[in-house]
Amino acid sequence: DAGVTQTPRHEVAEKGQTIILKCEPVSGHNDLFWYRQTKIQGLELLSYFRSKSLMEDGGAFKDRFKAEMLNSSFSTLKIQPTEPKDSAVYLCASSFQGAYEQYFGPGTRLTVL
Amino acid sequence: GEKVEQHESTLSVREGDSAVINCTYTDTASSYFPWYKQEAGKSLHFVIDIRSNVDRKQSQRLTVLLDKKAKRFSLHITATQPEDSAIYFCAASKQSNYNVLYFGSGTKLTVEP
């Protein structure tokens with residue numbers, strides 16, 4: 001079985017640009033999560049979907065961050081407009097509904113200049 | 001909301017020794033406590049978990065202990081090997097809050113040959 005896939009693996013953006021990160025969860029998983037990982041803040045939840053419905057979004061990220069789940073096997077995270085402080089690794093994870101083990105993708109390393 | 005604190009930011013042990021990583025949490029409603037491992041340059045992967053209906057769980061060289069009264073849980077690694085070197089993250093989740101995980105800040109474990 002394929003794990004969680006994320007594209008691109010690396011992204012470089014100029015300040016003010018719009019970027020879209022993509023995630024494909026493990027087939028059959030109902031829950032999908034977007035996290036941001038930085039050395040200073042650690043792992044922060046950006047969004048949580050269950051069966052394509054948005055269950056929770058990280059309050060601090062509502063402003064310029066928008067995650068969508070277009071179908072059960074594909075999700076996007078849009079950052080608009082990007083700022084240098086958005087430089088981080090963005091992780092996507094998925095799990096079965098009701099189970100708790102989350103499977104993480106390889107991440108997208110975003111650098112905003 | 002839940003706050004998980006991971007007390008050791010770094011830990012260095014000699015190969016063959018034991019390592020212990022400690023975490024505390026704040027929300028008495030938390031009932032699920034997983035641990036994740038992140039090797040250098042890689043994403044997170046699940047290693048072991050414990051639920052609040054037990055106070056100890058073992059899997060090969062890994063043991064998790066849970067003290068609900070003290071709101072503390074710990075990961076014990078015996079007979080450490082160089083491949084155990086990684087950053088370990090503890091997390092907590094409330095059953096009522098779906099699968100949202102609140103992560104600690106991570107402990108970098110170095111196993112020296």
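Residues numbered from 1 in each chain as written. Chains lettered and ligands numbered in written order. Predicted model: local features only at pLDDT ≥ 70, side-chain atom pairs only at ≥ 80, totals over all residues. Heavy atoms only, no water.

Engineer: Can you break down the nonpolar core residue by residue, with the values?
Structural biologist: In terms of nonpolar packing, the biggest core is built from 22 residues, with Trp35, Phe73 and Leu75 of chain B touching the most fellow members. Listing elements by their share of this core, those giving two or more residues are β3 (19–25), β4 (30–38), β5 (44–51), β7 (62–67), β8 (72–77), β9 (86–94) and β11 (107–112) of chain B. Setting aside anything within four residues of it in sequence, one finds leucine 75 of chain B in contact with Ala19, Val20, Ile21, Trp35, Ile48, Leu62, Thr63, Val64 and Tyr88 of chain B. Listed in part, the 20 residues of the second largest apolar core include Val26, Leu32, Leu46 and Ala88 of chain A. (Core = buried A, V, L, I, M, F, W, Y, C linked by side-chain atoms within 4.5 Å. Buried < 20%, exposed > 50% of the residue type's maximum accessible area, 1.4 Å probe, protein only. Helix = DSSP H or I, 4+ residues; strand = E, 2+ residues; numbered from the N terminus. Contact = heavy atoms within 4.5 Å.)

Engineer: How would you explain the side chain of serine 95 of chain A if you had to name every residue and give the values?
Structural biologist: Of note, serine 95 of chain A is situated in strand β9 (residues 88–95). Side chain to side chain, serine 95 of chain A and asparagine 99 of chain B meet in a polar contact 3.1 Å long. Once residues lying within four places of it in the same chain are set aside, the contact partners of serine 95 of chain A are His29, Asn30, Asp31, Phe33, Glu101 and Gln102 of chain A together with Asn99 of chain B. (Polar contact = N/O pair within 3.5 Å; in protein donor to acceptor, adjacent residues only side chain to side chain.)

Engineer: Give me the pairing of strand β8 (residues 74–79) of chain A: which residues, what numbers.
Structural biologist: All names here are of chain A. Relative to β8, strand β3 (residues 19–24) is paired through five bridges, and the arrangement is antiparallel. The partner of lysine 22 across the bridge, within β8, is threonine 76. Looking at chain direction, strand β7 (residues 65–71) and β8 are connected through six bridges and run antiparallel. Bridge pairing links phenylalanine 65 to isoleucine 79 in β8. Count of turn residues in the β7/β8 antiparallel hairpin: two residues. (Pairing = 2+ DSSP bridges.)

Engineer: Residues and numbers for the sheet that holds β3 of chain A, please.
Structural biologist: Residues and elements named next belong to chain A. Taken in spatial order, the four strands line up as β1-β3-β8-β7 in an open sheet, and their pairing is antiparallel. Of all the strands in the sheet, the pair left with one neighbour each is β1 (5–7) and β7. Pairwise comparison of adjacent strand axes, ignoring direction, gives a mean angle of 20 degrees for this sheet. (Axes fitted to C-alpha atoms, helices over the stretch in contact; angles between N-to-C directions.)

Engineer: Got a sec to walk through the layout of surface pockets? Specific residues and values, please.
Structural biologist: Taken as a whole, the largest pocket holds about 800 Å³ of empty space. Taken together, 34 residues make up the lining of the largest pocket; nearest its centre are Gln37, Lys39 and Arg109 of chain A together with Gln38 and Ile87 of chain B. Broken down by secondary-structure element, the contributors of at least two residues to the lining of the largest pocket are β4 (31–38), β5 (42–50), β9 and β11 (108–112) of chain A together with β9 and β11 of chain B. For the lining of the second largest pocket, the secondary structure elements donating two or more residues are β5 and β6 (53–57) of chain A together with β1 (4–6) and β10 (102–103) of chain B. When residues in the lining of the second largest pocket are grouped by element, the largest group, four residues, is from β5 of chain A. Of the residues that constitute the lining of the second largest pocket, the class distribution is ten nonpolar, five polar and seven charged. (1 Å grid on protein atoms, 1.4 Å probe; cavity = no way out; pocket = protein on both sides within 12 Å on 5 of 7 lines; lining within 4 Å. Points joined across faces, edges and corners; volume = space filled by probe spheres on them. Nonpolar A, V, L, I, M, F, W, Y, C, P; charged D, E, K, R; others polar.)

Engineer: Summarise the packing of aromatic side chains; cite the residues concerned and give the values.
Structural biologist: Here the structure, examined in full by the defined rule, presents 14 aromatic pairs over all chains. Residues tyrosine 35 of chain A and phenylalanine 103 of chain B carry aromatic rings whose centres are separated by 5.6 Å and whose planes lie at 85 degrees to one another, so their mutual orientation is edge-to-face. Residue tyrosine 35 of chain A is located in strand β4, and its partner phenylalanine 103 of chain B is located in strand β10; the two belong to separate chains. Residue class for tyrosine 35 of chain A comes out buried when judged on its relative accessible area of 1%. Plain terms: the ring middles of tyrosine 25 of chain B and phenylalanine 33 of chain B are 4.7 Å apart, the flat faces sit at 45 degrees to each other, and that makes the pair tilted. Exposure remark for tyrosine 25 of chain B: the relative accessible area of 5% places this residue in the buried category. For phenylalanine 33 of chain B, a relative accessible area of 0% gives the class buried. (Phe/Tyr/Trp six-rings, centres within 6.5 Å; stacked < 30°, edge-to-face > 60°.)

Engineer: So, the state of the cysteines: which residues are in play, and what are the values?
Structural biologist: Residues and elements named next belong to chain B. Taken as a whole and assessed by the stated rule, the structure comprises two disulfides over all chains. The disulfide partner of cysteine 23 is cysteine 90, and the gap between their sulfur atoms is 2.0 Å. The chirality of the disulfide connecting cysteine 23 with cysteine 90 is left-handed, given an S-S dihedral of about -100 degrees. Of the two residues, cysteine 23 sits in strand β3 while cysteine 90 sits in strand β9, which places them 67 residues apart along the sequence. Classification of cysteine 90 by relative accessible area gives buried; the value is 0%. (Disulfide = S-S within 2.5 Å.)

Engineer: With reference to specific residues and values, describe the sheet that holds strand β6 (residues 56–59) of chain B.
Structural biologist: All names here are of chain B. In space, the five strands of this open sheet follow the order β1-β3-β8-β7-β6, with antiparallel pairing throughout. Every other strand in the sheet has two partners, leaving β1 and β6 as the edge strands with one partner each. Pairwise comparison of adjacent strand axes, ignoring direction, gives a mean angle of 15 degrees for this sheet. Where β3 lies against β8, six bridges are found, and the strand directions are antiparallel. Counted as the bridge partner of isoleucine 21 is leucine 75 from β8.

Read these as geometric descriptors, not functional statements.
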